[in-house]
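# What the coordinates show
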Amino acid sequence: MIKKAIYPGSFDPVTKGHLDIIQRASKLTEELVVAVLHNVSKSNSWFNVDEKIDLLKNSISELDIKDCKIRIISFNGLLVDLIEKENIDVLIRGLRAVSDYEYEVQLNLTNNLLTKKKFETIFLNASRKYLYLSSSVVREIAIHHGKLDYFVTDYVEKKLIKRVDEINGKN
C-alpha cells in the first residue's frame with residue numbers, strides 16, 4: 001500500500017472524470033492529497049482557488065471512499081517542491097488520450113530532473129465513459145446551456161449555471 005500520493009490539477013471545474021481518478025486512486029494509498037494549482041499566469045479560469053476547493057470538497061463527499069484520508073490543498077510553484085514539502089511517495093496522473101500520454105511523459109521526465117525527493121508516477125487511464133471529458137468541454141457545454149449532469153455533480157452543475165449567468169450579465 002502506498003503511504004501518501006498526490007493528484008494535482010487545475011480542476012476548473014472538477015468533473016466526474018476527475019472524481020473517477022480520485023475514487024480509484026484512493027484504493028491505492030493511505031492518504032491522497034488533491035492539490036489545486038493556483039496558476040497566476042492562467043487568467044481564463046472560471047473559478048478561483050477557494051471556489052475550486054469548495055467544488056472538490058462537495059463533490060468528493062459524494063464518493064464512497066474507505067480507508068483513505070483525502071486532503072484538498074492549493075499550491076503554486078513547482079509540483080516537485082510540493083511533493084518534497086508534503087513528503088509524497090507517488091504522483092497520480094490521469095490519462096485520456098495518446099496526446100495526454102506524450103505530455104505527461106515529458107512532464108514526468110522534467111519532474112525527475114528537478115526533484116530532490118524521489119517519487120514514482122502512476123498513470124491511471126480514464127474510464128471509458130470519461131475518456132474524452134475535460135473541464136474545457138464542460139465549460140463549453142455550460143456556456144451553451146447543455147445538459148451537464150453526465151459530466152459533473154449536481155453541486156458543480158449549479159455553480160456552473162450561476163457562473164454562466166454572471167458571464168452573461170444576468171447576475
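Cut-off values and rules
- Residues numbered from 1 in each chain as written.
- Predicted model: local features only at pLDDT ≥ 70, side-chain atom pairs only at ≥ 80, totals over all residues.
- Heavy atoms only, no water.
- UniProt positions renumbered as here; feature names shortened; annotations may be inferred.
- Helix = DSSP H or I, 4+ residues; strand = E, 2+ residues; numbered from the N terminus.
- Rg over C-alpha atoms; globule rule 2.2 N^0.38 Å.
- Buried < 20%, exposed > 50% of the residue type's maximum accessible area, 1.4 Å probe, protein only.
- Contact = heavy atoms within 4.5 Å.
- Arc of directions from axis to C-beta.
- Patch = residues over 30% accessible without salt bridge, like charges linked within 9 Å, V, L, I, M, F, W, Y side chains within 5 Å.
- Areas by Shrake-Rupley, 256 points an atom, 1.4 Å probe, with all protein chains shown as cover.
- Salt bridge = Lys/Arg side-chain N within 4 Å of Asp/Glu carboxyl O.
- Phe/Tyr/Trp six-rings, centres within 6.5 Å; stacked < 30°, edge-to-face > 60°.
- 1 Å grid on protein atoms, 1.4 Å probe; cavity = no way out; pocket = protein on both sides within 12 Å on 5 of 7 lines; lining within 4 Å.
- Points joined across faces, edges and corners; volume = space filled by probe spheres on them.

Per an unreviewed UniProt entry, the chain carries the name Phosphopantetheine adenylyltransferase and comes from Sneathia vaginalis. Taken verbatim from the UniProt record of the chain, the Function (unreviewed entry) comment is "Reversibly transfers an adenylyl group from ATP to 4'-phosphopantetheine, yielding dephospho-CoA (dPCoA) and pyrophosphate." Per UniProt, the chain carries the Cofactor (unreviewed entry) text "Mg(2+)".

### Re the overall build of the chain
When helices and strands are tallied, the chain shows six helices and five strands. Walking the chain from its N terminus toward its C terminus, one meets helices and strands in the order β-α-β-α-β-α-β-α-β-α-α. Over its C-alpha trace the chain gives a radius of gyration of 16 Å, about what one expects of a compact globule, namely 16 Å for 171 residues. Burial analysis of the chain (171 residues in total) assigns 46% to the buried set. Contacts in the chain between residues far apart in sequence, at least 24 positions, make up 78% of those at least 6 positions apart.

### Considering helix H3 (residues 79–86)
Owing to its 3.6 residues per turn, the α-helix aligns residues three or four sequence positions apart on the same side. Residues Leu79, Val80, Leu82, Ile83 and Glu86 constitute the buried set of H3. Down the axis, H3 shows its buried residues gathered within 160 degrees of arc, on one side only. Two residues or fewer after H3 comes Asn87, characterised by a positive phi angle close to 55 degrees.

### Things to note about helix H5 (residues 135–143)
Among all positions of H5, only Ser135, Val138, Arg139 and Ala142 are buried. The buried residues of H5 occupy one face: seen down the axis, they fall within an arc of 100 degrees. Here the buried face of H5 lies against helix H1 (16–26) and helix H6 (154–167). Positive backbone phi, at 60 degrees, marks His145, one or two positions downstream of H5.

### A look at a nonpolar patch on the surface
On the surface, a nonpolar cluster with roughly 340 Å² of combined accessible area is contributed by Leu78, Leu113 and Leu114. Relative to the assigned elements, Leu114 resides in helix H4 (residues 98–114). A residue is classified by how much of its surface remains accessible, and Leu114, at 45% relative accessible area, is partly exposed.

### What about the packing of aromatic side chains?
Per the counting criterion, the structure on display carries four aromatic pairs. Geometrically, the ring pair formed by Tyr101 and Phe123 is edge-to-face, given 6.2 Å between the ring centres and 65 degrees between the ring planes. Highlighted residues: Tyr101 in helix H4 and Phe123 in strand S5 (residues 120–125), separated in sequence by 22 residues. According to the relative accessible area criterion, Phe123 is partly exposed, its value standing at 26%.

### Looking at the layout of surface pockets
Considering only enclosed or pocket space, the largest pocket measures out at about 1200 Å³ in volume. Around the largest pocket, the lining is made up of 44 residues, and of these Pro8, Gly9, Ser10, Arg93 and Glu104 lie nearest the centre. Of all the secondary structure elements, the ones that give two or more residues to the lining of the largest pocket are strand S1 (2–9), H1, H3, strand S4 (90–95), H4, S5 and H5. In terms of residue count, the dominant contributor to the lining of the largest pocket is H4 (eight residues).

### A word on the pattern of salt bridges
Here the structure, examined in full by the defined rule, presents twelve salt bridges. One salt bridge connects Lys66 with Asp64, and the closest N-O pair in it is separated by 2.9 Å. The class for Asp64 is exposed, based on a relative accessible area of 52%. Where Arg93 meets Glu104, a salt bridge forms, and the shortest distance between an N and an O atom there is 2.7 Å. Of this pair, Arg93 sits in strand S4 while Glu104 sits in helix H4, placing them eleven residues apart in sequence.

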